[in-house]
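Spelled out from the first residue to the last, the chains are:
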Amino acid sequence: MNINHHLSDELLLDYASGNLSEGWSLVVATHMAMCPSCRRRLAAMEGAAGALLEKVDATDVPVDSWERMKQRLEGIRIEEVKQTPAAAPSGATVFPEPLRSYVGADLSTVKWQALGLGAYHLRIPTDDPTTQVRLLRIPAGKPVPEHTHVGRELTLVLAGSFRDGSDLFGRGDIEEADDDLLHTPKASPGEDCICLAVTEAPLKFSSWIVRLIQPILKI
Amino acid sequence: MTQTKNQTLSNDEMAGLLKAIASDRSVDAFEAVFRFYSPRVRSFMAMKTGDRQIAEELMQETMVSVWNKAGQFDPERGNVSAWIFTIARNIRIDFYRRRRPAFDPQDPVFVNDDIPSAEMEFERVQDAALLRDAMATLPPDQLDVLKRAFFDDVSHSTIATDLGLPLGTVKSRIRLAFEKLRSALEGRR
């Protein structure tokens, strides 16, 4: 797999430090399942955190801390951890973990909802009220309705590809868009583009007709 | 076993202790690991929670997890401090009842690193000695931003507000810091 669009350091650091909420983390971790290079960068950040941990000042150590720990150990039985590889899902699997736990194994089982204009989506429920996560299916050769964002948007390609300006995004590529960026992603011809997208708040579509139907579609 | 709490064992020595915990359930080996890491993990927990008792409890949870999972530590893949950091971080996330989806290397769709492991820089990205040296060369303002991100568990915009800086400055410090760390780690090849 040839991934050309990666996670930013800021986003990776948020994930490495445990400060990224569920919705963003789902997309970030699904990208990393396909991207060894971002996993190496994550490992380097966790290494940096480890080096910082070694330097943390120890204060207020309770005198009985070790004794209490030792007592706790006596009550623990070790369970052997069996590493059983997950069964290979059947069919055309496009969804790696952790996404698969949220939407199932493959495309054929997705219960798409029509968005109009030939596009479909599936809202992915999470426990994270600060984000909205969706799968999107954009028909081959068709544009995604143009939109600006409130805050950040992350889009991960799972199948097909799209072009945004001069950049081509294929499977595994992630696009990180900020406020105010008006972009016009367009699915490449030949194959529908399936994306995992997370946003901070409902999208503001800039085309008046889409803006008009947005509250009805709840997109 | 006596061990001064600030004595830094080498990463290889720590990895050896974890191995003894995993294979022999050695309480002595665990005590050495505990004496070094528990005060640091407790402080780490106190930074976010601001409560000594909660910090002690979360530290104990972390160390129980180290005891239970010692066999899962892979010295080829990383260093002990980084591994213990990730355990502590995950326990802190659980405490705040947040979910953090993670990739699964056992997943059949998981894309493995195709760089041959002998040449792989992966094992080097957590080279403990290199990291320590590289961190020591970071300018204080960049180091400060990293500490706040890892230990205070706050967003970059909160860091910017706390420091009275534009968000862009915080982001560029993060980028500069990691560029420097990566080039230090890759320089070994």
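Note that the coordinates shown come from a computational prediction; the quantities given were computed from them, not determined experimentally.

Side note on the nonpolar core
Judged by nonpolar contacts, the single largest core of 101 residues is most densely connected at A:Leu135, B:Phe30, B:Tyr37 and B:Phe150. Of all the elements, helix 2 (residues 27–49) of chain B adds the most residues to this core, at 10 residues. Setting aside anything within four residues of it in sequence, one finds B:Phe30 in contact with A:Trp66, A:Met69, A:Leu73, B:Ile21, B:Met63, B:Val66 and B:Trp67. Among the nonpolar cores identified, the runner-up in size contains 12 residues, and A:Leu136, A:Phe162, A:Phe169 and A:Cys193 belong to it.

Notes on the sheet that holds strand 3 (residues 132–138) of chain A
Residues and elements named next belong to chain A. The antiparallel open sheet is built from six strands, whose spatial order is 1-2-3-10-5-8. On the outer flanks of this sheet lie strand 1 (113–116) and strand 8 (174–177), each paired with one strand and no other. With strand direction ignored, the average angle separating the axes of adjacent strands in the sheet is 25°. Judged from the four bridges that link them, strand 5 (residues 153–159) and strand 8 form a sheet pairing that is antiparallel. For Glu-153, the partnering residue across the bridge sits in strand 8 and is Ala-177. Strands strand 2 (119–124), strand 3, strand 5, strand 8 and strand 10 (193–199) of the sheet are contacted by helix 2 (residues 22–34), whose axis makes an angle of about 40° with strand 5.

Some remarks on the side chain of B:Arg42
Relative to the helices and strands, B:Arg42 resides in helix 2. Not counting chain neighbours up to four residues away, the residues in contact with B:Arg42 comprise A:Asp60, A:Val61, A:Pro62, A:Ser65, B:Ala55, B:Glu56 and B:Met59.

Digging into the interface of chain A and chain B
A common way to express how large an interface is: the accessible area buried when the components associate. Contact with chain A, which involves 67 residues of that partner, is made by 76 residues of chain B. A combined buried area of about 6400 Å² lies between chain A and chain B, and 64% of that area is made up of carbon and sulfur atoms. Applying the counting criterion to the chain A and chain B interface returns 11 salt bridges. Viewed at the interface, chain B and chain A are joined by 27 residue pairs in polar contact (both at pLDDT 80 or more). Those elements giving two or more residues to the side of chain A that touches chain B turn out to be helix 1 (9–17), helix 2, helix 3 (36–55), helix 4 (65–74) and helix 5 (99–103) of chain A. Counting residues per element, the side of chain A that touches chain B draws most heavily on helix 3 of chain A, at 17 residues. Partitioned by chemical class, the residues of the side of chain A that touches chain B number 38 nonpolar, 11 polar and 18 charged.

Basis of the calculations
Residues numbered from 1 in each chain as written. Chains lettered and ligands numbered in written order. Predicted model: local features only at pLDDT ≥ 70, side-chain atom pairs only at ≥ 80, totals over all residues. Heavy atoms only, no water. Core = buried A, V, L, I, M, F, W, Y, C linked by side-chain atoms within 4.5 Å. Buried < 20%, exposed > 50% of the residue type's maximum accessible area, 1.4 Å probe, protein only. Helix = DSSP H or I, 4+ residues; strand = E, 2+ residues; numbered from the N terminus. Contact = heavy atoms within 4.5 Å. Pairing = 2+ DSSP bridges. Axes fitted to C-alpha atoms, helices over the stretch in contact; angles between N-to-C directions. Buried area = accessible area lost by both parts, 1.4 Å probe. Salt bridge = Lys/Arg side-chain N within 4 Å of Asp/Glu carboxyl O. Polar contact = N/O pair within 3.5 Å; in protein donor to acceptor, adjacent residues only side chain to side chain. Nonpolar A, V, L, I, M, F, W, Y, C, P; charged D, E, K, R; others polar.

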